[in-house]
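Single-letter residue listing:
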Amino acid sequence: MWTYADRAEDGTFTRIGGGDLDAATGHWSQGAYNADDISRTAIVFLRAHSAFRDNADLATARELLRTLTYLQVTSGQNAGNVVLWMQPDGALNCSAIPIELPDPSDSDESYWLARTVWALGESIAVFAAVDPDFTAFLVERLHLALTALERASLGRYGQWDSADGVPVPGWVIAGGADATGEAVLGLAAALTVRPDDERVAQALDRYAEGIEAMPSGAVGVWPFGAIMPWTGSQSLWHAWGGLAPAALAVASAVSGRGLDAAVADVGVFTPQLLTSGGPHNAWSPVPGESQIAYGVQSRIESLLRTADATGGEGLRELAALVAGWFFGANPAGEPVYDPATGVTVDGIEPDGRLNRNSGAESTIHALLAMIALDQDRELARTARSLVGTPEVHGMQWLPAESAQLSGDAAVVAPESAWTGESNWRGSSVLAGDGGTVRFTLDAEALAAVSAGSATAHPLIHRLAEDAGVAHWSAIDAAGARTVLGTLELGGAGDPGVTEWDGVLRPVRLDVPIPAGAVAIEVVSEGRMELDELMLLPAVTAAKFAAERGDSLTLHVASADAKLALVPGQTGSVYRADGMRVGPANRGRRSVPAGAFAITRR
């Protein structure tokens, strides 16, 4: 499994390794193949065999698993850890260029160790019925991997760290709920055929407890219940490795924990994700970056696994809207997966441009999504019917540097957009005592607040130490003011395991913006670093065009609200767990806060 495949002008592909090629040795500075892709490819063939019963798929999975376990250290102080890179001639490269951590790659636990656990667990569930001898080998290697994890993250079970004043679990793999979630999927699969394996059950329970501690925000509060992927940041959510909610949903059947956190992520956060422009690769904290197959498939699997756990059919309908991304319901407005060849583009840029290369990761996660769709024909039918770029009416982000400044307030440019845990979006405004920033609402912003109940969410750099306060108000056309709230500019808490002093994160003002507001103003009484102002309507929406001229619209409520339906529009309202509340009737207060509706016309 080559890591990358670069597309030529004639449509053909060239296999590419990671880093630079040494023509004399044929080696790449990273390697040609890697444990991450080998493990996930094995899962593709394992799931394909389970779905379609083709023994050729099972044979391919077996050989991939043999390759994967060849990369696992079998003795010594690093026993159980996994080498990441292999060269085209089979030589192992333990120290890649540029350096990856851990270095050497088999010196500590890692994402590739987590994915090895995922593959081994799913393989045990499949091979147990057909090959006891090979299964015994796989169980031995899974336990060897647990030996490595017990030296590292599992050995820290019960230890808590702090991230900008927020307690975070110190026992998730490599500090990531993302990596840990993929390991939990494997552990849960293994337990389906080996329910008495106490070592595996204990690891699953402890890791699920760690992931369960990672959700952030709530209904109407950024990031809307999403499970944060990394203990090192309270302001970065990313889609890469976003299977933590799927893991919690599966683990809940074994451990009895985590389902509420999975529901919040898939049933509250996913709808806001779709109405913000689709499955962005990152909210850091402003939604942005490319959209990739990995993130899309992770959403689909998490929705379907949680639907299995709750029985909520609304989550399956959401999964169909997400899956439409592969067939053209995306920022590019065209299919990104070719069912004839399996080729899947490496991503869609924020401006809609396609990265037409097709690396292993993109192919792997597209195929995992397609296997899931092939087992739910109604879901697949809806996903394949969606065409064109969805029309979204969601959160609005107003840059502070474009606002009207007065008093002690000035635009400043950061030395780097990346803070070590989040991203500035362009320049920001630094305001001292009396500094004033006034946002005049443009047509889009006025539309967002016109129905009332919209809320304002300033994106500020809140420092660890005391830094004063900032007073926010809305202003109507006659100049009348409505106080929206006062924000503390400091007191974020000890940075702890984060790399930066303070946290850059949207903070909700509790008083809704009145419908007649034409501007929003803040006056600083201290030291205020303001990046953006986010406006969140009470109901956000994403309209998906479908074949034959009809359409599906997702409506998401951050507050109790009425739907603005039109004649001929029908549908259902769902709770966050996907259970149906009732029909979406015109003119009825039919969407409670935290619920979503899907209508058709």
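Up top is the structure.
A short tour of the structure in this document, coming up. (Residues numbered from 1 in each chain as written. Predicted model: local features only at pLDDT ≥ 70, side-chain atom pairs only at ≥ 80, totals over all residues. Heavy atoms only, no water.)

1. Overview of the overall build of the chain
- Each helix and strand in the chain was counted, giving 13 helices and 31 strands.
- Against the 2.2 N^0.38 benchmark of 25 Å for 601 residues, the chain shows a C-alpha radius of gyration of 25 Å, consistent with a compact globule.
- Taking the principal axes of its C-alpha atoms as reference, the chain extends roughly 80 × 55 × 55 Å.
- Counting across all 601 residues of the chain, residues that qualify as buried make up 58%.
- Taking the intrachain contacts of the chain between residues at least 6 apart in sequence as the baseline, contacts between residues at least 24 apart amount to 70%.
- Total accessible area computed for the chain in this model is approximately 22600 Å², and 50% of it derives from carbon and sulfur atoms. (Helix = DSSP H or I, 4+ residues; strand = E, 2+ residues; numbered from the N terminus. Rg over C-alpha atoms; globule rule 2.2 N^0.38 Å. Buried < 20%, exposed > 50% of the residue type's maximum accessible area, 1.4 Å probe, protein only. Contact = heavy atoms within 4.5 Å. Areas by Shrake-Rupley, 256 points an atom, 1.4 Å probe, with all protein chains shown as cover.)

2. A look at the nonpolar core
- Counting residues in each nonpolar core, the largest one holds 97 residues, and the members touching the most others are Leu142, Leu149, Leu187, Phe224, Trp237 and Trp283.
- Looking at this core element by element, the count peaks at 11 residues for helix 3 (residues 111-127).
- Those residues in contact with Trp283 that sit more than four places away from it in its chain are Trp222, Phe224, Ser235, Leu236, Trp237, Phe269, Gln272, Leu273, Ser276 and Met395. (Core = buried A, V, L, I, M, F, W, Y, C linked by side-chain atoms within 4.5 Å.)

3. Overview of a negative patch on the surface
- Side chains of Glu465, Asp466, Glu488 and Asp501 sit close together on the surface and give a patch of like negative charge.
- Looking at where Asp501 falls in the secondary structure, it is placed in the loop between strand 23 (481-488) and strand 24 (503-506). (Patch = residues over 30% accessible without salt bridge, like charges linked within 9 Å, V, L, I, M, F, W, Y side chains within 5 Å. Salt bridge = Lys/Arg side-chain N within 4 Å of Asp/Glu carboxyl O. Lys, Arg positive; Asp, Glu negative; His and termini not counted. Charge placed at Lys NZ, Arg CZ, Asp CG, Glu CD.)

4. Observations concerning the packing of aromatic side chains
- Counted under the stated rule, the structure contains 14 aromatic pairs.
- Between Phe134 and Phe137, the ring centres sit 5.9 Å apart and the planes meet at 25°, which makes this aromatic pair stacked. Placement of the pair is Phe134 and Phe137 together in helix 4 (residues 132-151), with a separation of 3 residues, close to one helical turn.
- On the basis of relative accessible area, Phe134 is assigned to the buried category, the value being 10%.
- For Phe137, a relative accessible area of 26% puts it in the partly exposed group.
- Seen in terms of ring centroids, Phe269 and Trp283 are 5.0 Å apart; in terms of plane orientation they differ by 75°. Their pairing is edge-to-face. Taken together, the residues span a long stretch of sequence, with Phe269 in helix 8 (residues 259-275) and Trp283 in strand 11 (residues 282-283) at a distance of 14 residues.
- On the accessibility criterion, Phe269 (0% relative accessible area) is buried.
- Trp283 sits in the buried class, given a relative accessible area of 0%.
- An aromatic cluster of three or more residues is present, and its members are Phe224, Trp237, Phe269 and Trp283.
- A cation sits over an aromatic face here: Arg62 above Phe134, 4.9 Å from the ring centre. (Phe/Tyr/Trp six-rings, centres within 6.5 Å; stacked < 30°, edge-to-face > 60°. Lys NZ or Arg CZ within 6 Å of the ring centre and 35° of its normal.)

5. Some words on the sheet that holds strand 7 (residues 92-93)
- Pairing is antiparallel in the open sheet, where 3 strands are placed in the order 5-6-7. Strand pairing shows two members of the sheet lacking a second neighbour, strand 5 (33-34) and strand 7, which therefore form its edges.
- Across 2 bridges, strand 5 lies against strand 6 (residues 85-86) in antiparallel orientation. Each residue of the ladder has a partner; that of Asn34, found in strand 6, is Trp85. (Pairing = 2+ DSSP bridges.)

6. Thoughts on the sheet that holds strand 31 (residues 596-600)
- Strand order across the open sheet formed by 6 strands is 15-27-28-31-29-30, with antiparallel pairing between neighbours. The two strands at the open ends of the sheet, each matched to only one other strand, are strand 15 (391-393) and strand 30 (580-583). For this sheet, the mean angle separating the axes of adjacent strands, direction not counted, is 15°.
- Looking at chain direction, strand 29 (residues 570-574) and strand 31 are connected through 5 bridges and run antiparallel. From the neighbouring strand, Tyr574 faces strand 31, where its bridge partner is Phe596.
- Against the sheet, helix 8 engages strand 15, strand 27 (539-545), strand 28 (551-557) and strand 31, with an angle of about 125° to strand 28. (Axes fitted to C-alpha atoms, helices over the stretch in contact; angles between N-to-C directions.)

7. Examining the pattern of salt bridges
- All told, the structure shown has 29 salt bridges when counted by the stated rule.
- The salt bridge partner of Arg316 is Asp376, with a shortest N-O separation of 3.6 Å. Highlighted residues: Arg316 in helix 10 (residues 313-323) and Asp376 in the loop between helix 11 (360-374) and helix 12 (377-385), separated in sequence by 60 residues.
- Taking the shortest distance from any N to any O, the salt bridge between Glu521 and Arg438 comes out at 3.5 Å. With Glu521 in strand 25 (residues 517-526) and Arg438 in strand 20 (residues 436-440), this pair connects stretches of sequence that are 83 residues apart.
- A relative accessible area of 26% places Arg438 in the partly exposed class.

8. Here we look at the side chain of Ser473
- Assignment of secondary structure puts Ser473 in strand 22 (residues 468-476).
- Using a relative accessible area of 9% as the deciding quantity, one classes Ser473 as buried.
- In this structure the side chain of Ser473 is engaged in a polar contact, spanning 2.9 Å, whose partner is the side chain of Arg481.
- Ignoring sequence-local partners within four residues, the contact set of Ser473 consists of Arg481, Thr482, Val483, Leu484, Ala519, Ile520 and Glu521. (Polar contact = N/O pair within 3.5 Å; in protein donor to acceptor, adjacent residues only side chain to side chain.)

9. Regarding helix 7 (residues 244-255)
- Counting buried positions over the 12 residues of helix 7 gives 9, a clear majority of the element.
- Among the residues making up helix 7, those that are buried are Ala244, Pro245, Ala246, Ala247, Leu248, Ala249, Val250, Ala251 and Ser252.
- In this structure, the buried residues of helix 7 make contact with helix 5 (177-193), helix 6 (198-212), helix 8 and helix 9 (293-310).
- Two residues or fewer after helix 7 comes Gly256, characterised by a positive phi angle close to 75°.

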